[in-house]
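Each chain, written out:
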Amino acid sequence: MTPNGSSGERSVASEEDRKLSYIEAISEALREEMRRDEDIIVIGEDVGGEFGGAFNVTKGFEDEFGRRRILNMPMTENAFIGAATGMALMGLRPVIEVQFADFITSGYDAIVQFAATNHYRWGGAVPWVIRAPSDGGISSGPFHSQNPEAWFMHTPGLKVVAPATPADAKGLLLSAIRDNNPVIYFESKPLYRSLKGVVPEEGIAIPIGQARVAREGTDVTIVTYGAMVHESLKAAEEISSQGIDTEIVDLRTLKPMDCETVLASARKTSRILIVHSANRLVGAGAEVAALIADEAFESLDAPVRRLGGRDVPVPFSPPLEKAYRPSVDDIANAVKELVTW
Amino acid sequence: MRSLSDEELIQVYEWMKLTRVLDDRIVSLWKQGRGVGSTFSGRGHEAIAVGASYALGPDDVVAPMHRDLGCYLVRGITPRRILANQLGRATGVTQGRDANLHGIGDLSLGIIGFVSHLPQSMSPALGAAMAFLYREEPRVSMAFVGDGSSSTGLFHEVLNLAAVQRAPFVVVVENNRYAYSTPLHQQMAIDDIADRGQAHGVAAEIVDGNDVEAVHAVTAEAIARARSGGGPSLIECKTMRMHGHAIHDGAEYVPAELLVEWERRDPIAHLEKIFFERDIVEEALIEEIGQKCRRIVDDAVEYAESSSWPDPASLEEGVYAP
Ligand SMILES: Cc1ncc(C[n+]2csc(CCOP(=O)(O)OP(=O)(O)O)c2C)c(N)n1
Ligand SMILES: [Mg+2]
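Residues numbered from 1 in each chain as written. Chains lettered and ligands numbered in written order. Predicted model: local features only at pLDDT ≥ 70, side-chain atom pairs only at ≥ 80, totals over all residues. Heavy atoms only, no water.

## A few points about the sheet that holds strand 1 (residues 61-63) of chain B
Residue and element names in this part refer to chain B. This is how it is decided: Strands were regarded as paired on the criterion that DSSP finds at least two bridges between them. Each helix is a run of H or I in the DSSP string that is no shorter than four residues. Each strand is a run of E no shorter than two, and both are numbered from the N terminus. Axes here mean lines fitted to C-alpha atoms, for a helix over just the part in contact, with angles spanning 0 to 180 degrees between N-to-C directions. Two residues qualify as a contact provided that any one of their heavy atoms is within 4.5 Å of a heavy atom in the partner residue.
Ordered in space as 1-2-3-7-6, the five strands form an open sheet in which the pairing is parallel. The open sheet is flanked by strand 1 and strand 6 (203-208), the only strands paired with a single partner. On average, each strand axis in the sheet is tilted by 20° relative to the strand beside it, whichever way the strands run. Bridge count for strand 1 against strand 2 (residues 141-146) is three bridges, and the pairing is parallel. Along strand 2, the bridge assignment pairs valine 61 with serine 141. Each of strand 1, strand 2 and strand 3 (169-175) touches helix 5 (residues 122-135); the most contacted strand, strand 2, lies at about 165° to it. Across the sheet, helix 6 (residues 153-165) lies against strand 2, strand 3 and strand 7 (233-238), angled at about 150° from strand 3, the strand it touches most.

Take a look at the structure:
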């Protein structure tokens, strides 16, 4: 069936081989970049040795790159994020691992006061990336489940990305490392090992600031990012049997946001639901809603709706956390309400 | 303790004098209502700012603070650029983006500009030292920090990390006895901040911060040690803040006797005394240096006051690096 020499079958086979988990894609991006560029170093707690980080993203890195490029840090987020800023000012490209996104607050000054303002104030570029393992839904409690992206979106001088697929996890990390500004890269813990996907072997950088239409549809748009992309996809499949055709926009980058893609979808479907697992109040979705109100008001056939975490610390116990986070059912119900509005 | 030749000592004097004349002029401009926003005086800190930074090499990096006017000058920021920055002009180092000595950074001169959040520039300065280690370059990084700032968690994090990394890093603590209105004994229960260095395995020394020869000698030694792989040092320079915290502050909370005592130990007068005692320079040269400094500062005031304001259309420029 397959002609000799055709790339058809082989590409299918190699595609299968190239299925990586979300976390493998992160490791691969980092490893490839480090092989390419000596200026890239890894800095964080427990990132070195055989251990290679709390989630083993840098397992084996010290063997390959040596201790001088994999800097194991004492528990000093404020100091080592600031030190990464100094290394970046000297022309290196540090990739910082904060063990959990929740602990990023211990280095908050170093990020929002120093690194973020630096280029504006006196022109010193700060090309670092913070990898921040974020999000919950896996009973990790109030201090290992947070989604603090809105704090950083509110900070001029930072870029904020939040990939939802293995391909994007790789592609956005490549772009984040190559960018000349401080980038906070929110990786999604619930997707780490649960999600696999085809990842191009050669590094294809996904540009920062470009959203993606994850599902095309005509009746309603869900704007989302991170793990909620997949909950939204499930909800969309569920309600498609009821004749509702849902479009899903995966933002991928939260700052700078791809307003054009969001607005194009809003104008196309006229009904918008915004979903994220960060708490809803003053969350990233509020900015999306405001954008649509400002720029696409005439296109709307229903009010813009938002689903997000409740305004409580992320609770630990499964029934509580379930009540905290938007679920597939919540999303499906909200979409149904919108289309019948 | 002498690490400077007579000739170098005269150069150091020139920098200290320029620092003083510029500092005095800034104070008087603000008192005349010609300033913009607030500003600081580093009067009394000239021996530290100049002495420590004079010991650096051209490829070294330094992160000064708000009392270190002399350091910026020694590294090569001109009085013109400093005053234009203070007056919020387009020709200032930050082009009107940041105030007074904040944000005076210039990587071509090896200066990391500081932020208000003290001592947030310590960690980037340490990072610069870590970059030198990584690249195996024989360069050293220096950070200035106050007594007040030495009580922060970051100060301790940085010293600890510097020691663990054996970074080529020198921390100059300007212990001027006050953090804003708060005297030392309300800040800490120890007598010497140098103890905080020792606690982390950082070589620590105490020096008279008003004696530029001593400051230079100790700093030069620390820099040489750092450069040859001997790790970080902390130098506690004991001095006194001679004006208020910032220009608006009359510092009535400082006992008058303390100021009288430290005025007697003025670092510039001290150096002049050494010149005469050792017969290094004639009075006429001192006079000449003073006049030269005043001419430089007159020119800088003229330049800054006649410089244009930043264009509001540039407001959003430079938030991101290209
Ligand atoms: C983190 C932080 N808190 C408060 C302030 C406000 N503030 C500015 S300078 C200062 C005192 C600093 O004292 P010290 O470190 O001794 O430096 P000095 O001004 O005496 O040279 C304070 C409290 C600040 N800049 N940073
Ligand atoms: Mg002080």
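What follows picks up the thread again.
## Overview of the site of ligand 1
All names here are of chain B. Counted only if it meets this: Note on terminology: near, applied to a residue and a molecule or strand, indicates that one of the residue's heavy atoms is within 4 Å of it. As used in this structure description, the phrase polar contact means that two N or O atoms lie within 3.5 Å; if the pair is within protein, one of them must be able to donate a hydrogen and the other to accept it, and residues adjacent in sequence are counted only when both atoms belong to side chains. We call Asp, Glu, Lys and Arg charged. Ala, Val, Leu, Ile, Met, Phe, Trp, Tyr, Cys and Pro are nonpolar, and the rest, Gly among them, are polar.
Lining the immediate surroundings of ligand 1 are 14 residues, of which His66, Ser116, Gly148, Ser149 and Tyr178 lie closest. One of the backbone nitrogen or oxygen atoms of glycine 148 is found 2.7 Å away from an oxygen atom of ligand 1. Note that an oxygen atom of ligand 1 is positioned 2.8 Å from one of the backbone N or O atoms of tyrosine 178. Its residues placed into classes, the shell around ligand 1 shows four nonpolar, eight polar and two charged.

## Some thoughts on the nonpolar core
For clarity, the threshold we go by: Put simply, a nonpolar core is a bunch of buried Ala, Val, Leu, Ile, Met, Phe, Trp, Tyr and Cys residues held in one set by side-chain atoms that sit within 4.5 Å of each other. Only protein chains enter the accessibility calculation, which uses a 1.4 Å probe; a residue is then buried when its area is under 20% of its type maximum, exposed when over 50%, and partly exposed in between. Those domain boundaries reflect an automatic or database domain assignment.
Counting residues in each nonpolar core, the largest one holds 89 residues, and the members touching the most others are Ile43, Ile111, Trp128 and Ile130 of chain A together with Phe169 of chain B. With nine residues, helix 5 of chain B is the single largest residue contributor to this core. Structurally, this core is a two-domain feature, drawing no fewer than three residues from each of domain 1 (13-198) and domain 2 (212-339) of chain A.

## So, the domain arrangement of chain A
Residues and elements named next belong to chain A. Here is the rule: When two components associate, each loses some accessible surface as probed by a 1.4 Å sphere; the sum of these losses over both components is called the buried area. Should a side-chain nitrogen of Lys or Arg be within 4 Å of a carboxyl oxygen of Asp or Glu, the pair is scored as a salt bridge.
Splitting chain A by domain gives domain 1 (13-198) and domain 2 (212-339). Between the C-alpha centres of domain 1 and domain 2 the distance comes to 26 Å. Facing the 30 residues of domain 1 at the interface are 25 residues of domain 2. Of the roughly 2000 Å² buried at the junction of domain 1 and domain 2 (both faces included), carbon and sulfur atoms supply 58%. Among the residues of domain 1 in contact with domain 2, Ser139, Met153 and Ala162 are the three that bury the most area, contributing 25% of the side total. Counting every contact that joins domain 1 to domain 2 gives three salt bridges.

## Here's the deal with helix 12 (residues 328-339) of chain A
Condition: An expected span of 1.5 Å times one less than the residue number is assigned to each helix.
End to end, helix 12 of chain A covers 17 Å across 12 residues, agreeing with the expected 16 Å (1.5 Å per residue, within 8%). If you follow the buried residues of helix 12 of chain A, they end up packed against strand 10 (220-224), helix 8 (228-240), strand 11 (246-250), strand 13 (272-279) and strand 14 (305-309) of chain A.

## Describing the interface of chain A and chain B
In many reports, interface size means the accessible area that the parts give up when they come together. The interface is formed by 41 residues belonging to chain A together with 40 residues belonging to chain B. Both sides of the chain A and chain B interface together cover about 3300 Å² of buried area, and 63% of this is carbon and sulfur. Per-residue buried area on chain A facing chain B is highest for Met90, Tyr120 and Trp122 of chain A; these three make up 25% of the total on that side. Applying the counting criterion to the chain A and chain B interface returns two salt bridges. In this structure, arginine 121 of chain A and aspartate 98 of chain B form a salt bridge, with 2.6 Å as the shortest nitrogen-oxygen distance. Summed over the shared surface of chain A and chain B, the number is 19 residue pairs in polar contact (both at pLDDT 80 or more). Of all the secondary-structure elements, those providing two or more residues to the side of chain A that touches chain B are strand 2 (40-44), strand 3 (70-72), helix 4 (77-89) and helix 5 (108-122) of chain A. Its residues assigned to classes, the side of chain A that touches chain B comprises 19 nonpolar, 13 polar and nine charged.

## Some details on the pattern of salt bridges
Summed over all chains, the structure comprises 42 salt bridges over all chains. Between glutamate 14 of chain B and lysine 292 of chain B there is a salt bridge; the shortest N-O distance is 3.0 Å. With a gap of 278 residues between them, glutamate 14 of chain B in helix 1 (residues 6-31) and lysine 292 of chain B in helix 12 (residues 283-306) connect regions that are remote in the sequence. A relative accessible area of 25% means that glutamate 14 of chain B is categorised as partly exposed. Overall, lysine 292 of chain B belongs to the partly exposed group, its relative accessible area being 38%. Here lysine 238 of chain B makes a salt bridge to aspartate 192 of chain B, at a shortest N to O gap of 2.5 Å. Of this pair, lysine 238 of chain B sits in strand 7 while aspartate 192 of chain B sits in the loop between helix 7 (184-187) and helix 8 (194-199); the two residues are 46 residues apart in sequence, bridging distant segments of the chain. By relative accessible area, which is 23% here, lysine 238 of chain B ends up partly exposed. Through salt bridges with shared partners, one network takes in Arg18, Glu28, Glu32 and Lys170 of chain A.

## Let's talk about the coordination of the magnesium ion (ligand 2)
Octahedral metal centres with six donors ideally show angles of 90 or 180 degrees, and tetrahedral centres with four donors ideally show 109.5 degrees. Residues and elements named next belong to chain B. In plain terms, the rule: With water omitted from the atoms examined, metal sites may look incomplete; donors here are N, O and S atoms no farther than 2.8 Å from the metal, or 3.2 Å in the case of Na, K and Ca.
Taken together, the protein ligands of the magnesium ion (ligand 2) are Asp147 (OD), Asn176 (OD1) and Tyr178 (O), with distances of 2.0 to 2.1 Å. Spacing between the donor residues of the magnesium ion (ligand 2) along the chain follows D-x28-N-x1-Y. Residue asparagine 176 shares its accessibility class with tyrosine 178, and that shared class is buried.

## Description of a negative patch on the surface
Residues and elements named next belong to chain A. Convention followed: Residues form patches when they are more than 30% accessible in relative terms and have no salt bridge. Like charges link within 9 Å. Nonpolar side chains (Val, Leu, Ile, Met, Phe, Trp, Tyr) link within 5 Å. Surface accessibility in these figures is a Shrake-Rupley result with a 1.4 Å probe; residues are shielded only by whichever protein chains are displayed. The charge count treats Lys and Arg as positive and Asp and Glu as negative. His and the chain ends do not count. Taken as the charge location is NZ of Lys, CZ of Arg, CG of Asp or CD of Glu.
A cluster of acidic side chains, namely Glu260, Glu287, Asp294 and Glu295, defines a negative patch on the protein surface. The dominant element in the negative patch, judged by the number of residues it contributes, is helix 10 (residues 284-295), at three residues. Inspection of the secondary structure assignment puts aspartate 294 in helix 10. We classify aspartate 294 as exposed; its relative accessible area is 64%.

## Some points on the sheet that holds strand 10 of chain A
Residues and elements named next belong to chain A. Across the sheet, five strands lie side by side as 9-11-10-13-14; this open sheet has mixed pairing. The sheet is open, and its two edges are formed by strand 9 (212-215) and strand 14, each paired on a single side. In this sheet, adjacent strand axes meet at a mean angle of 25° when their direction is disregarded. Pairing analysis gives three bridges linking strand 9 to strand 11, with the strands arranged antiparallel. Within the sheet, the bridge partner assigned to arginine 215 lies in strand 11 and is isoleucine 248. Where helix 9 (residues 259-269) meets the sheet, it contacts strand 9, strand 10, strand 11 and strand 13, and its direction lies at approximately 170° from that of strand 11. Packed onto the sheet, helix 10 meets strand 10, strand 13 and strand 14 and runs at close to 160° relative to strand 13.

## Describing the pairing of strand 11 of chain A
Residues and elements named next belong to chain A. Across the five residues that make up strand 11, a large majority, five, are buried. Along strand 11, one buried face is formed by Thr246, Ile248 and Asp250 and the opposite face, lined by Glu247 and Val249, is buried too. Of the pairings in the sheet, the one linking strand 10 to strand 11 comprises five bridges and is parallel in character. Across the sheet, the residue bridging to isoleucine 222 is isoleucine 248, located in strand 11.

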